[in-house]
Amino acid sequence: DIRMTQSPASLSASLGETVNIECLASEDIYSDLAWYQQKPGKSPQLLIYNANSLQNGVPSRFSGSGSGTQYSLKINSLQSEDVATYFCQQYNNYPLTFGSGTKLEIK
Amino acid sequence: EIQLQESGPGLVKPSQSLSLTCSVTGYTITSGYDWSWIRKFPGNKMEWMGYISYSGSTNYNPSLKSRISITRDTSKNQFFLQLNSVTTEDTATYYCARYSWGPHYFDYWGQGVMVTVSS
């Protein structure tokens with residue numbers, strides 16, 4: 001199985017700040033990576049696919065980057081509605097695997 | 001609008017079977033895509049459990065392969081999860097989701113159903 005190591009586990013930032021969340025794959029996943037946002041009590045929503053493609057309707061303050069084994073999600077100009085848990089997920093190989101999640105809070 | 005809705009018992013006894021239903025509206029499950037079950041454990045760990053494809057083929061996470069079965073009823077546009085011999089470690093929120101192939105991602109999710117395994 002491809003192991004996805006996500007960091008940090010939790011993050012507290014101020015409104016308007018920029019935050020970065022990292023995912024490290026145990027092997028090259030060739031940009032086969034998605035990022036999801038899960039707000040409390042809701043199901044996950046797709047933000048980014050193919051490591052850097054923004055899903056329709058997702059605000060442009062979200063962006064993804066990376067290649068090989070290292071990937072990141074960047075949120076610019078943090079808004080209150082960004083409070084959520086964020087997950088990465090690889091689809092390069094089965095079984096599909098997820099990162100352990102990053103819980104984002106506002107200071 | 002495509003919607004997925006999980007249903008099933010919220011409490012299962014250890015050693016018994018967990019059975020859940022995902023009802024899909026707005027899209028016919030035999031038209032395309034893979035139809036997955038995913039679970040989220042307390043503490044946030046997410047696990048893909050398996051899928052049934054539009055054609056009826058299945059693919060399971062090897063960690064569950066001896067205990068899991070995903071089937072469907074095309075007349076009701078539903079697919080099902082059965083997980084046998086559950087333990088307390090199977091306590092989780094269970095989601096059904098549609099998996100797109102090109103590009104690859106889970107694009108529609110149910111709201112999730114919490115299942116507790118306890119005597």
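The notes below deal with the structure included here. The shown structure was predicted, so the numbers you read here are calculated from the model rather than taken from an experiment. Numbering of residues begins from 1 in every chain and follows the order in which that chain's sequence is written. Each chain takes a letter, starting from A, and each ligand takes a number, starting from 1, following the order in which they are written. For a predicted model such as this one, the threshold for reporting local features is a pLDDT of at least 70, and the threshold for listing and counting side-chain atom pairs is 80 or more; totals across whole chains, interfaces and linings nevertheless cover every residue. Water and hydrogen atoms were dropped before computing side-chain values, which therefore reflect all heavy atoms in the structure.

**Comments concerning the overall build of chain A**
Using the following cut-off: Going along the chain from the N terminus, every DSSP run of H or I of four or more residues is numbered as a helix, and every run of E of two or more is numbered as a strand. Computation of the radius of gyration draws on C-alpha atoms alone. For the globule rule, the value is 2.2 Å times the number of residues to the power 0.38. We call a residue buried when its accessible area falls under 20% of the maximum for its residue type, exposed when it is over 50%, and partly exposed in between, using a 1.4 Å probe and counting protein chains only. Working rule for contacts: check all heavy atoms of both residues, and any pair within 4.5 Å makes them a contact. Here, Shrake-Rupley sampling with a 1.4 Å probe gives the accessible areas, and only protein chains in the shown set may cover a residue.
Within chain A one finds 0 helices and 11 strands. In chain A, the succession of helices and strands from N to C terminus is β-β-β-β-β-β-β-β-β-β-β. Scaling as 2.2 N^0.38, a compact globule of 107 residues should have a C-alpha radius of gyration of about 13 Å, and chain A matches this with 13 Å. Oriented by its inertia axes, the alpha-carbon framework of chain A measures out at about 35 × 25 × 25 Å. Residues counted as buried form 45% of the 107 residues belonging to chain A. Within chain A, counting contacts between residues at least 6 apart in sequence, those at least 24 apart form 57% of the total. Roughly 4,900 Å² of accessible area belongs to chain A as shown, and the carbon and sulfur atoms make up 42% of that amount.

**Here we look at the packing of aromatic side chains**
We count it as follows: Pairing of aromatic rings covers Phe, Tyr and the six-membered ring of Trp, with a centre-to-centre limit of 6.5 Å; geometry is then stacked below 30 degrees between planes, edge-to-face above 60, and tilted otherwise. We call a charge positioned above a ring when the Lys NZ or Arg CZ atom is no farther than 6 Å from the ring centre and deviates by at most 35 degrees from the ring normal.
What the rule picks out here adds up to 17 aromatic pairs over all chains. Relative to Trp48 of chain B, the ring of Tyr94 of chain A lies with its centre 5.2 Å away and its plane at 50 degrees, an arrangement referred to as tilted. Placement of Tyr94 of chain A in the loop between β9 (84–90) and β10 (97–98) and of Trp48 of chain B in strand β5 (residues 46–53) is noted, with the two residues assigned to different chains. Residue class for Trp48 of chain B comes out buried when judged on its relative accessible area of 1%. The structure contains a cluster of three or more aromatic residues connected by ring pairs, namely Tyr27, Tyr33, Trp35, Trp37, Tyr54, Phe79 and Trp101 of chain B. Directly above the ring of Tyr27 of chain B sits Arg98 of chain B, whose terminal nitrogen or CZ lies 5.0 Å from the centroid. Over the face of the ring belonging to Tyr33 of chain B we find Arg98 of chain B, whose NZ or CZ atom lies 3.6 Å from the ring centre.

**What about the sheet that holds strand β1 (residues 3–7) of chain B?**
Residue and element names in this part refer to chain B. Short version of the rule: A pair of strands is treated as paired once DSSP finds two or more bridges between them. An axis is simply a line fitted to the C-alpha atoms; with a helix, the fit covers only the stretch in contact. Between two such axes, the angle follows the N-to-C directions and lies from 0 to 180 degrees.
The strand order across the open sheet formed by 4 strands is β1-β3-β8-β7, and the pairing between neighbours is antiparallel. Looking at strand neighbours, the two that pair on one side only are β1 and β7 (68–73), the edges of this open sheet. Looking at each pair of strands side by side, their axes are set apart by 20 degrees on average, direction ignored. Taken together, the 6 bridges between strand β3 (residues 18–25) and strand β8 (residues 78–83) define a ladder with antiparallel strand orientation. Bridge pairing links Leu20 to Leu81 in β8.

**With respect to the pattern of salt bridges**
Residues and elements named next belong to chain B. For the record, the criterion: Throughout this description, the term salt bridge denotes a Lys or Arg side-chain nitrogen within 4 Å of a carboxyl oxygen of Asp or Glu.
For the structure shown, the criterion picks out 6 salt bridges over all chains. Its salt-bridge partner being Asp90, residue Arg39 comes within 2.8 Å of it at the nearest N-O pair. With a gap of 51 residues between them, Arg39 in strand β4 (residues 34–40) and Asp90 in the loop between β8 and β9 (92–101) connect regions that are remote in the sequence. Between Asp90 and Arg67 there is a salt bridge; the shortest N-O distance is 2.9 Å. Residue Asp90 is located in the loop between β8 and β9, and its partner Arg67 is located in the loop between β6 (58–60) and β7; the two are separated by 23 residues in the primary sequence. Exposure class is identical for Asp90 and Arg67. Each is buried.

**Focus: the layout of surface pockets**
Note the cut-off: Residues are said to line a cavity or pocket when one of their atoms sits within 4 Å of a point; the points come from a 1 Å grid over protein atoms alone, cavities being sets where a 1.4 Å probe fits but cannot get out and pockets being open sets with protein on both sides within 12 Å along at least five of seven lines. Grid points are joined across faces, edges and corners, and a volume is the space filled by probe spheres set on the points. Here the term charged refers only to Asp, Glu, Lys and Arg, the term nonpolar to Ala, Val, Leu, Ile, Met, Phe, Trp, Tyr, Cys and Pro, and the term polar to all other amino acids, Gly among them.
For the largest pocket, the calculated volume is near 410 Å³. Taken together, 24 residues make up the lining of the largest pocket; nearest its centre are Pro44, Gln45 and Leu46 of chain A together with Asp107 and Tyr108 of chain B. Contributions of two or more residues to the lining of the largest pocket are made by β5 (45–49) of chain A together with β1 and β10 (104–109) of chain B. Per-element accounting of the lining of the largest pocket gives the leading share, 4 residues, to β10 of chain B. The residue makeup of the lining of the largest pocket, split by class, is 11 nonpolar, 7 polar and 6 charged.

**Describing the state of the cysteines**
The test is simple: Only a pair of cysteine sulfur atoms within 2.5 Å counts as a disulfide in this structure description.
All told, the structure shown has 2 disulfides over all chains when counted by the stated rule. Covalent S-S linkage joins Cys23 of chain A and Cys88 of chain A, the inter-sulfur distance amounting to 1.7 Å. What sets the handedness of the Cys23 of chain A and Cys88 of chain A disulfide is the S-S torsion sign, and at about -65 degrees it is left-handed. Of this pair, Cys23 of chain A sits in strand β3 (residues 19–25) while Cys88 of chain A sits in strand β9, placing them 65 residues apart in sequence. Each member of the pair, Cys23 of chain A as well as Cys88 of chain A, is classed as buried. The disulfide partner of Cys22 of chain B is Cys96 of chain B, and the S-S distance across this bridge is 2.1 Å. Residues Cys22 of chain B and Cys96 of chain B share a disulfide whose torsion about the S-S bond is about 70 degrees; that sign makes it right-handed. With Cys22 of chain B in strand β3 and Cys96 of chain B in strand β9, this residue pair connects regions lying 74 residues apart in the sequence. Exposure remark for Cys22 of chain B: the relative accessible area of 0% places this residue in the buried category.

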